[in-house]
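Structure at a glance
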Amino acid sequence: MAQDSPLTAAEKARIAWLAARMCKRSVASETVYMGDLEKKVDRILDGARKRAKKTK
């Protein structure tokens, strides 16, 4: 993530929340699907990259 654009506080909090949900799911079962949460994290990171590119 060092190469990624800087995240806002709200984006950091949202990613932390999603990471906690992923951990909770993995504790429940090793074979649980987490693609939906990973896509949400990817969308947040993509939005941060677009914002950084726009401000340059």
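Everything in this summary refers to the structure shown in the same document.

Thresholds applied
Residues numbered from 1 in each chain as written. Predicted model: local features only at pLDDT ≥ 70, side-chain atom pairs only at ≥ 80, totals over all residues. Heavy atoms only, no water. Salt bridge = Lys/Arg side-chain N within 4 Å of Asp/Glu carboxyl O. Helix = DSSP H or I, 4+ residues; strand = E, 2+ residues; numbered from the N terminus. Axes fitted to C-alpha atoms, helices over the stretch in contact; angles between N-to-C directions. Parallel < 35°, antiparallel > 145°, perpendicular 65-115°, else oblique. Left-handed = near helix turned anticlockwise from the far one by under 90°. Contact = heavy atoms within 4.5 Å.

Looking at the pattern of salt bridges
Counting across every chain of the model gives three salt bridges. The partner of aspartate 36 in a salt bridge is arginine 25, with the nearest N and O atoms 2.9 Å apart. Here arginine 25 lies in helix H1 (residues 9-28) and aspartate 36 lies in helix H2 (residues 35-55), a separation of eleven residues in the sequence. We note a salt bridge from aspartate 46 to arginine 49, for which the minimum N-O separation is 2.8 Å. In this pair, aspartate 46 and arginine 49 are both assigned in helix H2, three residues apart and thus about one turn of the helix distant.

Focus: the packing of H1 against H2
Packed helices, taken two at a time, are described by their axes: the angle between them and the distance between them. The contact between H1 and H2 brings their axes to 10 Å, and the two run at 165°. When the axes of H1 and H2 are compared, the pair comes out roughly antiparallel. Of the two possible hands of crossing, H1 and H2 adopt the one that is left-handed. When H1 is examined against H2, the residues Glu11, Arg14, Ile15, Leu18, Arg21, Met22 and Arg25 are found in contact with a partner set consisting of Asp36, Leu37, Glu38, Lys40, Val41, Ile44, Leu45, Ala48 and Arg51.

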